[in-house]
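Tertiary structure, described
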Amino acid sequence: MKRRNFIKKTALASIATLIGAEIVYGLNMVEGYEPLALQDPDPFTMFKKGKGMVVLNDKPWNIEAQAHLLDDKVTPNKFMFIRNNGLIPEGIDVKNWTLTIDGESVKAKKTYTLSELKTKFKQHTYQLTLECGGNGRSEFNPPAKGNQWTVGAVHCANWTGVRLRDVLEDAGIKNDAVYIGYHAADVHLSRDPKKEPISRGAPMAKSLQDETLLAFQMNGKDIPLVHGYPLRLVAGGWPASVSGKWLNRISIRNKIHDGPKMTGTSYRVPCEPVAPGDKVKDEDMCIIESMPVKSLITYPKSGAIIEKGQLLHIRGHAWAGELEVSKMEYSIDFGASWNQCTVEAAVNRLAWQHFSASVQFPIKGYYEVWARATDSRGVAQPMLLPGWNPKGYLNNACHRIAVKIK
Amino acid sequence: MSKEDDFREGIKKIYHLLKLLLTLFLLTATLLFVYISNFEFSPPVGEKDAYVANLVEDEDRIENGIHVRTGFIEAEGLMEVVNNCTNCHSAKLVIQNRMNAERWNATIEWMQETQNLWDLGGNQEIIVNYLVSNYPPQEIGRRAALTNIEWYELED
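Keep in mind it's a predicted model, so treat the numbers as computed, not measured. One numbering rule holds for all chains: residues counted from 1, following each sequence as written. A letter from A marks each chain and a number from 1 marks each ligand, given out in the order of writing. It should be noted that, the model being predicted, local features are given only for residues of pLDDT at least 70 and side-chain atom pairs only at 80 or more, the latter also being counted only at that level, while totals for whole chains, interfaces and linings use all residues.

1. Structural notes on the overall build of chain A
Filter applied, for reference: Counting from the N terminus, the helices are the DSSP runs of H or I reaching at least four residues and the strands are the DSSP runs of E reaching at least two. Buried, partly exposed and exposed are defined by the number of other C-beta atoms within 10 Å of a residue's own C-beta, namely 20 or more, between the two limits, and 12 or fewer respectively, with C-beta atoms placed from the backbone.
Each helix and strand counted, chain A has 6 helices and 24 strands in total. In terms of its C-alpha atoms, chain A occupies a principal-axis envelope of roughly 95 × 65 × 45 Å. Within chain A, the fraction of its 406 residues that count as buried is 48%.

2. A closer look at the domain arrangement of chain A
All names here are of chain A. Worth spelling out the cut-off: Start and end positions for the domains come from either an automated domain assignment or a database one. What counts as a contact is two residues whose backbone-derived C-beta atoms lie within 7 Å of each other.
Taken domain by domain, chain A comprises domain 1 (64-287) and domain 2 (294-405). Summarising the inter-unit geometry, the C-alpha centres of domain 1 and domain 2 are found 28 Å apart. Taken together, the contact pairs 32 residues of domain 1 with 28 residues of domain 2. Among the elements of the structure, β6 (123-131) and β14 (268-270) are those that each provide at least two residues to the side of domain 1 that touches domain 2. It is β6 that provides the largest number of residues to the side of domain 1 that touches domain 2, a total of 4 residues.

3. Comments concerning the confidence of the model for chain B
Residue and element names in this part refer to chain B. Heads up, the rule is: pLDDT gives the predictor's per-residue confidence on a scale running from 0 to 100.
Per-residue pLDDT for chain B has a mean of 82; in total, 79% of the residues score no lower than 70. Of all the helices and strands in chain B, helix α2 (residues 47-50) carries the lowest mean pLDDT, 44, while strand β3 (residues 152-153) carries the highest, 98. Of the regions scoring below 50 in pLDDT, residues 38-54 engages in 31 contacts with residues more than four places distant in sequence or in other chains. Predicted as a complex, the structure gets a pTM of 0.82 and an ipTM equal to 0.85.

4. With respect to the sheet that holds strand β23 (residues 365-375) of chain A
The line we're drawing: Strand pairing is assigned whenever DSSP identifies at least 2 bridges connecting the two strands.
Taking strand neighbours across the sheet as the criterion, the 6 strands line up as β20(A)-β19(A)-β23(A)-β24(A)-β17(A)-β3(B) in an open arrangement whose pairing is mixed. Because the sheet does not close on itself, it has two edges, and the strands there are β20 (339-340) of chain A together with β3 of chain B. Where strand β19 (residues 325-331) of chain A meets β23 of chain A, 6 bridges bridge the pair, whose relative direction is antiparallel. Each residue of the ladder has a partner; that of V325 of chain A, found in β23 of chain A, is D375 of chain A.

5. Quick notes on the nonpolar core
To keep it simple, the criterion reads: For our purposes the nonpolar core covers buried Ala, Val, Leu, Ile, Met, Phe, Trp, Tyr and Cys residues that link as a set through C-beta atoms within 7 Å.
Of all hydrophobic cores here, the largest spans 102 residues; its most connected members are L214 and V369 of chain A. For this core, the domains that each give at least three residues are domain 1 (64-287) and domain 2 (294-405) of chain A. Once residues lying within four places of it in the same chain are set aside, the contact partners of V369 of chain A are I297, I314, Y330, I332, V359, R400, I401 and V403 of chain A. In this structure, C85, V94, M99 and L131 of chain B belong to the second largest nonpolar core, which totals 11 residues.

6. Here we look at the environment of W338 of chain A
Residues and elements named next belong to chain A. Mapped onto the secondary structure, W338 falls in the loop between β19 and β20. Residue classification places W338 among the partly exposed residues on the basis of 17 C-beta atoms within 10 Å. C-alpha separation for the pair W338 and M328, spaced 10 residues apart in sequence, amounts to 9.5 Å. Excluding anything up to four places from it in sequence, W338 contacts E329, S331 and R372.

7. What about the sheet that holds strand β9 (residues 201-203) of chain A?
Sheet strands pair via backbone hydrogen bonds, and the direction of the pair is either parallel or antiparallel. Residues and elements named next belong to chain A. Stated formally: To define axes, lines are fitted to C-alpha atoms, for helices over the stretch in contact only, and angles between the resulting N-to-C directions are given on a 0 to 180 degree scale.
Across the sheet, which stays open at both edges, the 5 strands sit in the order β5-β4-β13-β8-β9 with mixed pairing between neighbours. Only two strands of the sheet have a single partner each, and these edge strands are β5 (110-113) and β9. In this sheet, adjacent strand axes meet at a mean angle of 15 degrees when their direction is disregarded. With 4 bridges connecting them, strand β4 (residues 98-102) and β5 associate as antiparallel partners. Within the sheet, the bridge partner assigned to T98 lies in β5 and is T113.

Okay, here's the thing in structure tokens:
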């Protein structure tokens, strides 16, 4: 009998131990704690990012690609840059997620559940280029404040959702509407619940374009959490900060939206050009709208060594904000002469265009292949840094790769 | 005890053991289910939790002149910077920026006006001195040469 009791007790004890351990864990789950796997601070696992992505900042998360990682025609999640201004929202409840349309210029304030948005309005899919306004900031001299992006803060994925226009019109737009401003569920870095990390927007004309979406899918799947799950505004061709993530409210404004990062020097450049390092008053700064013409050589990776006589097949993408790319060229002599690349038409408006060329090198040695795109208004990328601005936006200088012929 | 009792006792033991195994199995399965079903919709790492492992050790360990937890260079003013500049954002944001004293001061002012940064008092000068001495702006001209090229043979 004693032995039986012993066994019983041991069994209970081991169960208790087990339950104890598991209960602690279980309670953590109930309290909204992260499962162990997600406590791993490794962003590559957490956000499913590919090898070679570069972490610029881990609070808030800012991660960029490198040129050669962006070779896909449609950017997969693993190579999409992350630019967060605040902390990723916690405990998202999709079943009760709503989007409210309000503001001075809405005819009647209206709230939609996610399923109402998905069923009430026609769905559309577009491939849209989103580039961070500060992409290329690291090259400005004197240095500009902020995350020091090199070339990888751009992507062009497929986005599926409903047109912002359809939803705004369903709620009703007053005649005095000027701008829309988004509000979202992300958390301010200071964890002050009264503060929004970012609340930007777009003029009515951009908001009412066919391609401006309230998206719930990216590349055919639910948008990954870090990219705005469950609802993201997507406005291709404009600074990616217009494409607000984790949206729960859109205000139709009777004035230019004045949320955080709409004012001061944020996402603004001097209205009139200034000398490098000049101080610029807030009232002399103008909001960035369409992004400028730009291109990237995505193949081969910089540093290729080839045999003399071998052709180098280069390829990449070019984009021009609201416009199209009408010409694509490359140079192997630092711009002394330019040769044409083949450039494809965009799959839809505001998607990047693919270019390619086969490059011949006359003699052995060190070369740089420079790429230059020209937009439909005849404006080309500069080889040097474009106009300096206090926050280091809009660097669309030509991309180049190093090549050696042996 | 008779043989039959012994036999019954044995059966009971096996029965209890099986009951225990079944309980453990169901428990694990339930927890696993809860875990998996919550996994997708759970928020990612809370910043506090991410560094728990580091905090257990000496949190201000210096290796090769670098403050391991933050990546800051060890120099006068290090702890003032760590204690005032890494509460809201990562040290990585500080380290990748290059500014002179005037612009660091303007940045601090901006953070106080818009980002809930507190009054730094006498620490402000220490912090700004640390930043401009250890992370000074570099003259890179209008377009820098390509550096750190990783050369490789490209197969045709």
